[in-house]
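Tertiary structure, described
Below, each chain spelled out in residue letters.
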Amino acid sequence: MRAMLLEECPVVSTRPVGALGTVLLVRAPGIAAQARPGQLALVRAAAGFDPVLRRAHPFLRIDREGGEVELLLGAAG
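Residues numbered from 1 in each chain as written. Predicted model: local features only at pLDDT ≥ 70, side-chain atom pairs only at ≥ 80, totals over all residues. Heavy atoms only, no water.

Section: the side chain of glutamate 70
Following the sequence through the fold, glutamate 70 ends up in strand β5 (residues 68–74). Among the residues examined, glutamate 70 registers a relative accessible area of 11% and is labelled buried. A polar contact is formed between the side chain of glutamate 70 and the side chain of arginine 15, at a distance of 3.3 Å. (Helix = DSSP H or I, 4+ residues; strand = E, 2+ residues; numbered from the N terminus. Buried < 20%, exposed > 50% of the residue type's maximum accessible area, 1.4 Å probe, protein only. Polar contact = N/O pair within 3.5 Å; in protein donor to acceptor, adjacent residues only side chain to side chain.)

Structure below.
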């Protein structure tokens, strides 16, 4: 069992995917090196504590060599 990895990840790009939500591409070399299919990323959008809990988003693509991951952020509502 692996420990949770915390990493600040700058956003590289976003793109809407219709009713599904948005695909978020982030630079995260540490996460990209350890992420596996079927896992989720727990995302906190800001440095503060609001909201208190992170939101879980699935990995769409993991680029280990480039150090980037794509996440699917579901549509709100």
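Looking at the pattern of salt bridges
Counting across every chain of the model gives 3 salt bridges. For glutamate 70, the salt bridge identified is with arginine 15, shortest N-O distance 3.3 Å. Of this pair, glutamate 70 sits in strand β5 while arginine 15 sits in strand β1 (residues 11–16), and the two are 55 residues apart along the sequence. Arginine 15 sits in the partly exposed class, given a relative accessible area of 42%. The network of salt bridges with shared partners includes Arg15, Arg61, Asp63 and Glu70. (Salt bridge = Lys/Arg side-chain N within 4 Å of Asp/Glu carboxyl O.)

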